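A structural walkthrough
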Amino acid sequence: TAKLSPEKLLCQLRDRVNVTMIQGSDDLFNTSAWQHYLPRKSLNETVGRLGRCAVVSSAGSLKSSHLGPEIDSHDTVLRFNGAPTKGFQDDVGEKTTVRLVNSQLVTVEEQQFLTDALYNTGILIVWDPAPYHADIHEWYRKPDYKFFENYKLYRIKHPEQPFYILNPKMQWQLWDILQENSLEHIQPNPPSSGMLGIVIMMTLCDEVHVYEFLPSKRQTDICHYYQKFHDRACTMGAYHPLLFEKNLVKHINQGTDEDIYIRGKVTLPGFRNVHC
Ligand code: NCC
């Protein structure tokens, strides 16, 4: 269904999606108050150049996958939102280098973001569903969730842990490419954390392996590997354009169909290994 060749699509992603974190020099964040809270080092300075990276979706199909050792063999592992490792090491591994969380998780009291020790490992990145191509002023005034206060509270509690705010322009640059490469009209909601995490890692790593974003033979209606909750929309999408994201990732996969079927595994090049 995609309109561009895989090679051209990779070039579009590399050249049009700017993965940046909010910095103390950005408009509205260049106040002494904000500069005090934002990490002093850039994400690039913090992580350096990454080699083999794993992105672990939260899908129920990770259950009984025994992918843990394979996932942990990567230099860097990205996980999402409240996805745990404790008690699930055999299927998802135990290494967490980066955790990408949405602004709802950071904001909503019941999620216990400020108190659950799960979040105290690795580098944190939070993103918020900003209005379509909103400038930073509009977004700052009207974030989808008012996560700024909890961001600051977390930073006070854990000043040494790197914690970044994803620049919201990225999600719509990526959405535009998803839309251009789909025959259908896509709902104007931002890509899922999963898709954002994949592209973030493509900017940082030499090679990216993604687990159970494209479902394997273990595909199930169980939403998460760590919960009993059933909902097909978790895999197919409702709010997020998940189906379109998955079609695009399938199109640029450099691994085999067998790897998808057996391991739920996709292989993607880091952007520094994409030559246009
Ligand atoms: O469920 P969620 O996502 O945290 O999952 C992380 C990413 O894994 C991929 N996934 C997940 C389940 C599944 N069966 N198949 C998958 O492919 C997706 O790429 C997904 O992005 C999110 O994207 O941030 C999301 O967050 C949850 C929820 O807010 C958090 O888990 C915090 O509790 C959303 N669920 C609800 O709001 C009820 C979900 O829609 C999207």
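Residues numbered from 1 in each chain as written. Predicted model: local features only at pLDDT ≥ 70, side-chain atom pairs only at ≥ 80, totals over all residues. Heavy atoms only, no water.

All right, on to the pairing of strand β1 (residues 50-56) then. For β1, a buried count of six out of seven residues is recorded, marking the element as mostly surrounded by other parts of the structure. Across six bridges, β1 lies against strand β6 (residues 205-211) in parallel orientation. Looking across to β6, one finds that Leu 50 is bridged to Cys 205. Both β1 and strand β2 (residues 76-80) contribute to a ladder of three bridges, which runs parallel. Counted as the bridge partner of Ala 54 is Val 77 from β2. (Buried < 20%, exposed > 50% of the residue type's maximum accessible area, 1.4 Å probe, protein only. Helix = DSSP H or I, 4+ residues; strand = E, 2+ residues; numbered from the N terminus. Pairing = 2+ DSSP bridges.)

Our focus in this paragraph is the packing of helix α1 (residues 6-16) against helix α12 (residues 242-252). Packing of α1 against α12 brings their axes to within 9 Å, and their N-to-C directions diverge by 120°. Like other packed secondary-structure pairs, α1 and α12 cross with a definite hand, here left-handed. Counting all contacts with α1, which are made through Pro 6, Leu 9, Leu 10 and Leu 13, the residues of α12 involved are Leu 248, His 251 and Ile 252. Looking at the contact of α1 with α12, its residues break down into six nonpolar, one polar and no charged. (Axes fitted to C-alpha atoms, helices over the stretch in contact; angles between N-to-C directions. Left-handed = near helix turned anticlockwise from the far one by under 90°. Contact = heavy atoms within 4.5 Å. Nonpolar A, V, L, I, M, F, W, Y, C, P; charged D, E, K, R; others polar.)

Right, let's get into unusual backbone geometry. Positive phi, normally seen in glycine, also occurs at Asn 81, with a value near 45°. Following the sequence through the fold, Asn 81 ends up in the loop between β2 and α5 (89-92). A positive phi angle is found at Gln 112, which is not glycine, with a value near 55°. With respect to the helices and strands, the residue Gln 112 is situated in the loop between α6 (103-107) and β4 (123-127).

A few words now on the pattern of salt bridges. One pass over the structure, following the stated rule, counts nine salt bridges. With its nearest N and O atoms 2.8 Å apart, the salt bridge here joins Asp 15 to Arg 14. Lys 265 is the partner of Glu 70 in a salt bridge, and the nearest nitrogen-oxygen pair spans 3.1 Å. Separated by 195 residues along the polypeptide, Glu 70 in helix α4 (residues 68-72) and Lys 265 in strand β7 (residues 265-269) bring together distant segments of the chain. Linked by salt bridges that have partners in common, Arg 49, Asp 206 and Arg 272 make up one network. (Salt bridge = Lys/Arg side-chain N within 4 Å of Asp/Glu carboxyl O.)

Counting residues in each nonpolar core, the largest one holds 71 residues, and the members touching the most others are Ile 125, Trp 139, Tyr 151, Ile 165 and Met 201. Here this core gets eight residues from one element, more than from any other, and that element is helix α10 (residues 193-204). In this structure Ile 165 touches Met 21, Ile 22, Trp 34, Leu 38, Val 126, Trp 139, Phe 147, Phe 148 and Tyr 151, once residues within four positions along its chain are discounted. The next biggest cluster of nonpolar side chains, apart from the first, holds 10 residues, and it includes Ala 54, Val 56, Leu 62 and Val 77. (Core = buried A, V, L, I, M, F, W, Y, C linked by side-chain atoms within 4.5 Å.)

Attention shifts here to the pairing of β4. Within β4, five of the five residues are buried, leaving the element largely enclosed by the surrounding structure. Side chains of β4 alternate between two faces, with Ile 123, Ile 125 and Trp 127 and Leu 124 and Val 126 buried alike. In this structure, β4 lies alongside strand β5 (residues 163-165), joined through three bridges in parallel fashion. Bridge pairing in β5 places Ile 125 opposite Tyr 164.

Our focus in this paragraph is the state of the cysteines. Counted under the stated rule, the structure contains three disulfides. For Cys 53, the disulfide goes to Cys 205, at an S-S distance of 2.0 Å. One disulfide, between Cys 53 and Cys 205, carries an S-S torsion of -95° and so falls in the left-handed class. Here the residue Cys 53 occupies a position in strand β1, and Cys 205 occupies one in strand β6, the gap between them amounting to 152 residues. Just as Cys 53 is buried, Cys 205 falls in that class too. Shown here for the protein is a disulfide pattern of 1-6, 2-3, 4-5, where each number marks a bonded cysteine counted in sequence order. (Disulfide = S-S within 2.5 Å.)

Quick look at the confidence of the model for the protein now. For the protein, the average pLDDT comes to 96, and 99% of its residues sit at 70 or higher. Per the prediction output, this complex has pTM 0.98; the corresponding ipTM is 0.99. (pLDDT = per-residue confidence, 0-100.)

As a further point, take the sheet that holds β5. Sheet architecture is open: seven strands sit in the order β5-β4-β3-β2-β1-β6-β7, paired in mixed fashion. Bordering the open sheet on either side are β5 and β7, each of which pairs with just one other strand. Neighbour to neighbour, the strand axes of the sheet diverge by 20° on average, direction disregarded. Against the sheet, α10 touches β1, β2, β3 (98-102), β4, β6 and β7, its axis set at about 155° to β6.

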